[in-house]
Amino acid sequence: MIAEILSVGTELLMGQIANTDAQYISRRLSELGVTLYRHTTVGDNPARVKQALCEALSRSDMVITTGGLGPTEDDLTKEMVGEFFGLPMELDEKSLEAVRARMCRLGREMTKNNNKQAYFPRGAVIMPNECGTAPGCIVERDGKAVAVLPGPPREMKDMFERQLAPWLRKRSGEHIESRFLRIFGVGESKTETVLLDLFHGDNPTLALYCGAGEVTARISARVPLGADANALIDPMEAEIRRRLGNAVYAAYGPGEEVSLASTVLKMLMARGETVTTAESCTGGMLISHLIDCPGASAAVHEGHVTYSNEAKMRVLGVRAETLEKHGAVSAECALEMAEGARRASGSDWAIATTGVAGPDGGTPEKPVGLVYVGIAGPDGVRAERLMLRGDRDWIRTLTCQNALDLLRLRATAR
């Protein structure tokens, strides 16, 4: 089954709200084995909605619309679907009663225009709305189908899962399972070069996309309903890991939240170890990444933002001689910051960051983007020099990512 998504709403075109509906439906269609070709967004204009619907159905077997199901004059998605298929609109008494009951529960007056929400193209399969007043529907004719869903994300998701997903599952006869691998330390172009031959398979398939300084590889396998896709996915994951080694830091399924920070925390918690941060150029961003992860209190001990030289000396014990001879942006300073943070906190590990995030402050010897990361742990203390590119926020973000990855690699090697 080939599908397209048609999002209806002038507020989407004007950028007043983000189109999270299309994002959600796209992911779920993939999991249900439905091939998605395009997204189209059109304003609340009857002629344009009808034209977009006509174009979409000329290319696909099915169109899923969102929005345009309200009680106002410009909510005309169902009506345009009816016109396209040459079907009159008919009142569904059961839906009308459901609208009345919901309005009563909400303590709102049932105005005449609310009746509009209970009209559907003749013969439509009606999808009740358990979370709102606008029911949806599925219209099938001449081998084509249109599923009409409400625009509010909560209502759309509930209707999709309760009613449209089972309908799609019966018709597709198969589903797609995906697994995601997170990769750090190897860029997108190098990753593609190393994995090039793996992109040419039919099942499973491999795709790459970039995030904040990292790459995600998606492995997707199409299998019959009820079948296990792991037999197809596992060998490809093993081969990717063989080629990329410890640059692959996590594997997870759809809907899971995974990051370098959460991976590092999970590793530390499994080992019963703790971490402390000592930050200069990142200004608290590093410990914020860690604390954003649920359960962080089990492994995060404390964090220090020592932006000034005075604070570095007073809080972390960085020597004045070190700062005078090498400066705050130096491997020597990063080493002493990490050692001091670990000593003061009693943590198993300490991460220190110091650098020139910009846009000012750089010199020919120490340009903007020069960063040192110090890691102190049970196996000693080491510093890593980074030369990063980008604006201030991007340099700070990449510093945090690199610092977390350095800790991951150090702890894993022990």
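Look up: the structure comes first, before these words.
What counts and what doesn't
Residues numbered from 1 in each chain as written. Predicted model: local features only at pLDDT ≥ 70, side-chain atom pairs only at ≥ 80, totals over all residues. Heavy atoms only, no water. Helix = DSSP H or I, 4+ residues; strand = E, 2+ residues; numbered from the N terminus. Buried < 20%, exposed > 50% of the residue type's maximum accessible area, 1.4 Å probe, protein only. Areas by Shrake-Rupley, 256 points an atom, 1.4 Å probe, with all protein chains shown as cover. Lys, Arg positive; Asp, Glu negative; His and termini not counted. Charge placed at Lys NZ, Arg CZ, Asp CG, Glu CD. Pairing = 2+ DSSP bridges. Axes fitted to C-alpha atoms, helices over the stretch in contact; angles between N-to-C directions. Contact = heavy atoms within 4.5 Å. Right-handed = clockwise from strand over helix to strand, strands pointing away. Left-handed = near helix turned anticlockwise from the far one by under 90°. Core = buried A, V, L, I, M, F, W, Y, C linked by side-chain atoms within 4.5 Å. Expected span 1.5 Å × (residues − 1). Salt bridge = Lys/Arg side-chain N within 4 Å of Asp/Glu carboxyl O.

## Considering the overall build of the protein chain
- The helix and strand tally for the protein chain stands at 14 helices and 17 strands.
- Overall size of the protein chain, expressed as C-alpha extent along the three principal axes, is 85 × 50 × 40 Å.
- The buried share of the protein chain, reckoned over its 414 residues, is 49%.
- With the model as given, the accessible surface of the protein chain reaches about 19400 Å², and the carbon-plus-sulfur share is 50%.
- Between the averaged position of the 48 positive side-chain charges in the protein chain and that of its 54 negative side-chain charges there is a distance of 2 Å.

## Some details on the sheet that holds strand β1 (residues 2-8)
- Here we have 6 strands laid out as an open sheet, ordered β2-β1-β3-β8-β7-β6, and mixed in their pairing. The open sheet terminates on both sides in strands that have one partner only, identified here as β2 (35-42) and β6 (125-127). Across the sheet, the mean angle separating the axes of adjacent strands is 15° when strand polarity is ignored.
- Judged from the 7 bridges that link them, β1 and β2 form a sheet pairing that is parallel.

## Some remarks on the side chain of Arg-410
- Residue position: Arg-410 is located in helix α14 (residues 392-413).
- Judged by relative accessible area, which is 8%, Arg-410 ranks as buried.
- Leave out the neighbours within four places in its chain, and Arg-410 touches Trp-349, Ile-375, Ala-376, Gly-377, Asp-379, Gly-380, Val-381 and Arg-382.

## Describing the sheet that holds strand β17 (residues 380-387)
- Pairing is mixed in the open sheet, where 5 strands are placed in the order β14-β13-β15-β16-β17. Each having just a single partner strand, β14 (300-305) and β17 make up the two edges of the open sheet. Sheet twist, expressed as the average angle between the axes of neighbouring strands with direction ignored, equals 15°.
- Pairing geometry for strand β13 (residues 275-279) and strand β15 (residues 349-355), over 5 bridges, is parallel. Residue pairing across strands places Val-275 opposite Trp-349, the latter belonging to β15.
- Each of β13, β15, β16 (370-377) and β17 touches α14; the most contacted strand, β16, lies at about 30° to it.

## With respect to the environment of Val-34
- Within the secondary structure, Val-34 sits in the loop between α2 (20-31) and β2.
- Exposure remark for Val-34: the relative accessible area of 4% places this residue in the buried category.
- Measuring from C-alpha to C-alpha, the distance between Val-34 and Ile-2 comes to 6.2 Å, with 32 residues separating the pair along the chain.
- Setting aside residues up to four positions removed in sequence, Val-34 forms contacts with Met-1, Ala-3, Leu-29 and Leu-168.

## Digging into the pairing of β14
- Here β13 runs beside β14; their pairing, made up of 5 bridges, is parallel. Considered in β14, the bridge of Thr-277 is made with Gly-303.
- With respect to chirality, the unit in which β13 leads through helix α10 (residues 285-291) into the neighbouring parallel β14 is right-handed.

## Observations regarding the packing of helix α7 (residues 188-195) against helix α8 (residues 230-244)
- Contact geometry for α7 and α8: axes closest at 10 Å, N-to-C directions at 115°. Judged by the sense of rotation from one axis to the other, the crossing of α7 with α8 is right-handed. On α8, the residues that touch Thr-191, Val-194 and Leu-195 of α7 are Ile-240, Arg-243 and Leu-244.

## Focus on the side chain of Thr-263
- Its location among the elements puts Thr-263 in helix α9 (residues 260-271).
- With a relative accessible area of 17%, Thr-263 lands in the buried category.
- Setting aside anything within four residues of it in sequence, one finds Thr-263 in contact with Tyr-249, Ala-250, Val-258 and Arg-408.

## Re the environment of Leu-168
- For Leu-168, the position within the fold is in helix α6 (residues 153-172).
- For Leu-168, a relative accessible area of 0% gives the class buried.
- In the structure, Leu-168 is positioned 98 residues away from Lys-266 in sequence and 37 Å away in space, judged by C-alpha atoms.
- Sequence-distant contacts of Leu-168, defined by excluding residues within four places in its chain, comprise Met-1, Leu-29, Leu-32, Val-34, Met-62 and Phe-160.

## Overview of the nonpolar core
- If you look at the biggest cluster of nonpolar residues, it comprises 38 residues, and the most contacted ones within it are Leu-268, Val-275, Ile-351, Val-373 and Leu-407.
- For Ile-351, the contacting residues outside a window of four places in its chain are Val-275, Thr-276, Thr-277, Ala-278, Leu-286, Val-373, Gly-374, Ile-375, Ala-403 and Leu-407.
- By size, the runner-up hydrophobic cluster in this structure holds 22 residues, among which are Ile-64, Met-156, Leu-164 and Leu-168.

## Quick notes on α2
- Compared with an ideal rise of 1.5 Å per residue, which puts 12 residues at 16 Å, α2 spans 17 Å between its outermost C-alpha atoms and is within 8% of the ideal.
- For α2, the full list of buried residues reads Asp-21, Ala-22, Tyr-24, Ile-25, Ser-26, Arg-28, Leu-29 and Glu-31.
- If you follow the buried residues of α2, they end up packed against β1, β2, β3 (62-66), β8 (144-149), α6 and β9 (174-184).
- Gly-33 sits one or two positions beyond α2 and adopts a positive phi of about 80°.

## Here's the deal with α9
- The first and last C-alpha atoms of α9 sit 17 Å apart over 12 residues, in line with the 16 Å expected at 1.5 Å per residue.
- All of the buried residues along α9 are Leu-260, Ala-261, Thr-263, Val-264, Leu-265, Met-267 and Leu-268.
- Gly-272, located one to two residues past α9, shows a positive phi value of around 70°.

## Section: the pattern of salt bridges
- With the rule as written, the count across this model stands at 26 salt bridges.
- With a shortest N-O distance of 3.6 Å, Arg-171 and Glu-140 are connected by a salt bridge. Of this pair, Arg-171 sits in helix α6 while Glu-140 sits in strand β7 (residues 136-141), and the two are 31 residues apart along the sequence.
- What makes Arg-171 partly exposed here is its relative accessible area of 39%.
- The class for Glu-140 is partly exposed, based on a relative accessible area of 45%.
- Bridged by salt links that share partners, the residues Arg-27, Arg-28, Glu-31 and Glu-161 form one connected network.

Distances and angles like these do not, on their own, reveal function.
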